[in-house]
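# Structural overview for review
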Amino acid sequence: MAEITLQKRPGEAAAVRTRRRIKALARGWGAPLALVLLLAFNVLFTPNFLTWQTFFVNLTQVATIVIVATGMTLVIATGGIDLSVGSLMAIAGALAPLILSGALTGPLDPGLAVALAFVLPVLAAGLFGLFNGVLVTRFAIQPIVATLVLFIAGRGIAQVMTNGNLQTFSNPSFQWIGLGRILGLPVQAVLMVAIVALAAWILRRTVFGRHVLATGGNEPAARLAGVPVTGVKLAVYAISGLLSGLAGLVVIAINSSSDANLIGLGMELDAIAAVAVGGTLLTGGRASVVGTLLGALIIQLLRYTLLANGVPDAAALVVKAAAILLAVWIQRQGEGR
Amino acid sequence: MVDAAPLLAMRGIDKSFSGVPALTAAELTVGRAEVHALIGQNGAGKSTIIKILTGAHRPDAGSIQFDGSAIAPASPAEAQRLGISTIYQEINLVRYRSVAENVFLGREPRRLGLIHWSRMNADAAALLRQFDIDVDVTLPLGRCSIAVQQMVAIARAVSTDAKLVVMDEPTSSLDDREVEVLFGVIRRLKARGVSVIFVSHRLDELYAVCDRVTVMRDGRTVAQSRMGELGKLDLVMAMLGRRLTESEARGIHGTERAGGAPLLEVEGLRRGHRVRDAGLSVRRGEVVGLAGLLGSGRTEVARMLFGADAPEGGLIRHKGAPARFRAPGEAIRARIGFSSEDRKAEGIIPDMSVRENMTLALLPHLARAGVVDTARQQRIADEFVRRLGIKCASPEQRIRELSGGNQQKVLLARWLCTDPELLILDEPTRGIDVGAKAEILSLVEELADGGLGVLMISSELEELVQGADRVVVLRDGRSVAELEGDALTEDAVMHAMADGGEPAPGRAPAAAAGSGTGSGGVSGGGAEARGG
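Here's a quick rundown of the structure. Only a predicted model underlies this, so the values are computations on that prediction, with no experimental measurement involved. (Residues numbered from 1 in each chain as written. Chains lettered and ligands numbered in written order. Predicted model: local features only at pLDDT ≥ 70, side-chain atom pairs only at ≥ 80, totals over all residues. Heavy atoms only, no water.)

So, on to the sheet that holds strand S4 (residues 61-66) of chain B. All names here are of chain B. One open sheet accounts for four strands, arranged S2-S1-S4-S5; its pairing is antiparallel. Only two strands of the sheet have a single neighbouring strand rather than two, namely strand S2 (20-30) and strand S5 (69-70). By the bridge criterion, five bridges tie strand S1 (residues 8-17) to S4 in an arrangement that is antiparallel. Opposite Arg11, over in S4, you have Ser63 as the bridge partner. In the packing of helix H1 (residues 46-53) onto the sheet, the strands contacted are S1, S2 and S4, and the crossing angle to S1 comes to about 115 degrees. (Pairing = 2+ DSSP bridges. Helix = DSSP H or I, 4+ residues; strand = E, 2+ residues; numbered from the N terminus. Contact = heavy atoms within 4.5 Å. Axes fitted to C-alpha atoms, helices over the stretch in contact; angles between N-to-C directions.)

A word on the sheet that holds strand S3 (residues 35-39) of chain B. All names here are of chain B. Taken in spatial order, the six strands line up as S6-S9-S10-S3-S11-S12 in an open sheet, and their pairing is mixed. Every interior strand has two partners, whereas the edge strands, strand S6 (84-87) and strand S12 (220-226), have only one. On average, each strand axis in the sheet is inclined to that of its neighbour by 20 degrees, with strand direction left out of account. For S3 and strand S10 (residues 195-199), the ladder comprises four bridges, and the chain directions are parallel. Along S10, the bridge assignment pairs Val35 with Val196. Contacts between H1 and the sheet are confined to S3, S6, strand S9 (164-168), S10 and strand S11 (212-217), with S3 contributing the most and set at about 135 degrees to the helix. With respect to the sheet, helix H5 (residues 146-159) is in contact with S6 and S9, its orientation differing from that of S6 by roughly 175 degrees.

Moving on: the packing of aromatic side chains. Summed over the entire model, instances satisfying the criterion amount to 10 aromatic pairs over all chains. Between A:Phe49 and A:Tyr304, the aromatic rings sit 6.2 Å apart at their centres with planes inclined by 50 degrees, giving tilted as the arrangement. Pair noted here: A:Phe49 is in the loop between helix H2 (10-45) and helix H3 (52-77) and A:Tyr304 is in helix H13 (residues 289-308), with a separation of 255 residues, a long-range link. Pair check on accessibility: A:Phe49 and A:Tyr304 agree, each one buried. Note on B:Phe306 and B:Trp415: the rings are 5.8 Å apart at their centroids and 85 degrees apart in plane angle, and the pair reads as edge-to-face. Placement of B:Phe306 in the loop between helix H9 (298-305) and strand S16 (313-318) and of B:Trp415 in helix H14 (residues 404-416) is noted, with a sequence separation of 109 residues between them. Of the aromatic side chains, those joined through ring pairs into one cluster are A:Trp52, A:Phe55 and A:Phe56. (Phe/Tyr/Trp six-rings, centres within 6.5 Å; stacked < 30°, edge-to-face > 60°. Buried < 20%, exposed > 50% of the residue type's maximum accessible area, 1.4 Å probe, protein only.)

Below, the discussion takes up unusual backbone geometry. All names here are of chain B. Within the chain, Asp218 stands out as a residue other than glycine whose phi angle is a positive 50 degrees. Checked against the element boundaries, Asp218 lands in the loop between S11 and S12. Even without being a glycine, Asp476 presents a positive backbone phi close to 50 degrees. The topology assignment puts Asp476 in the loop between strand S23 (470-475) and strand S24 (478-484). Taking relative accessible area as the criterion, Asp476 reaches 21% and is therefore assigned partly exposed.

This is the structure we're talking about:
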């Protein structure tokens, strides 16, 4: 092998280097570029694309995916995965109306009820996330199997809590999280940006963030360097649970109703897809929260583009899959081996 | 038997991997009904020659004669058909199926196209009884002890009419009693005319069960002999490639540097079969070497001292007070550092930058309220890159792109920047070039002069004798000798590695301590009479 490389003429070596550079560039800038291309296409061809309404519709739809995918990014950065996010959304989404209506606690002061309806479901989802973490660390179960437990059981728990009934409700103070505006922007979009910014900063600048990446990058080495690997893993699964709970609240607030069968259905795959398209290494050790945001935006915009141009939703799924495949392929380029 | 044509004759075997020779004109000859020991250090070529024999690799050159005809097995399955069976360290059988099913896997006795269960169970039980193994053959294999699992693997090999059984470190996970059972089986195999190739690092075992021995070093066969004609010391010398006459090199520094307060004292450390009774001590400003053959428990001892594994018994004192670190983090807070022998698997975080890798252990101290002070991190990285002469494009370069020697320096810096009191270095110079090696060794010396205590594990005697003030020798998980001053010579270390601390003939016993294999633990360096 070595001899073959040596026999190459200098020109060829340069060409190889250029190609490698293009590939590395594709990996670093592929996601933003794809987003820009999609936007340009829509500006040119999709009717009424440049309106506030289109902008808000897309933001509202993508916000929950991004919130969940941010937690997923942290989990994947440690080399794990969390399949339970959709089910944890359902648990939080089922719990909140029960608190609002007082079915769980008896009649409450309306202000207190709203406060509890925000806090308790999110905490509950966080605790379930912690349970995932315990399975992964204490019992050393593979993350995909460990989180499969709550992927299956979580939705069941949500259905048992509500007897499988659709709960409708109307509570403007609670629904602010899904319907309100801050400075004219949908609340969940603001929430999404804040969470992404915070998570990106944590990952880049804090000891915890570096420990997350070290754990995913080489767990035995991280442990020997004093990284509290068990604590780091517990934390990322708990964070993923908390964010899933929050996303669950946003979904029911938009709908004014809570159906445990539907909240967060298929969310785990959307979130993983966003993380993958965003350039985070699925084996852990390298992660980008901003990439995940871009990944989610690309998938969302892709789906919108197809729908707005009359392509049926079923076909859109195939295109989504193709986009993920392309993203993973780009990731593997420039790995240079 | 001696005069008969050998069962196996591998001659002139060459094999290289991407241009790097792993075997050069290697030879291996095994007689009929012979138990043959194959030994050598890491990278000597043992596993390569076994893999060629069992068809996992193709040789580049050379011939293999087996049972009277030339063979060239292209796959393990083909080797097995020819009568060569391998028992690996990691048993590759089906844990969830019964013992009997495992014995007959793939060739189950059938009746009307279905498995003839009663016959299979009876046959399996009979087969195992031949080896004095009495187990319920209907139990899932995973429920049996590792020793029984190995017996099942051996029984399976024999029942496929194996003429040669290769055992790669079969005793590494067995206790003494299980080892005896295994030896019983090996003797029975021999009585049935089956030959065995036995790979092990425990010299006593080789003498207990083997008839002949082949020693390999650097891809060559350096010695072939009857077991009884080669003493343990000769064996070790052949493995390490040294002769007594040329190993007179002596440590360059005396004991003037030693004498600080004890940092770590260890007595009677125990864990599993690997560490049975290890003892040592390290003082401030002292480099203590830890010597021993492969599998003597060196790395296991180091990991326990650092809190990476929990000891099952023994006493560790840190600065005079009993200590038990439950996690590396606790040891790090006690200002101890540990650099693993496996740089790739347990050292570097490949995708992270030089700066990040270097400051990983220091990170909690570089932060205020959990936020990393990147400016300070940068300064520290720059400083150590300069001080250790680390060659990298910038501290932001990913560590995977650096050479082995530079990666090792980054890992050393990872600990040095935490300002440790005690540094445990497991094979700090493995796999790096000569220049970097010398730099790292002189750095260690300089640090010790500055008051750092160092425990250095190394397979290279020269490195230990020249670099350490004192050398503790481990053998089969026991501290068998402690050498210092004039008594610290390569000969003495080799003697201790081979037969447990008996001093070289015609040499003053000096500080050599703890002879024999029994309770030869050495402890409490502070009270030890100082040699030289």
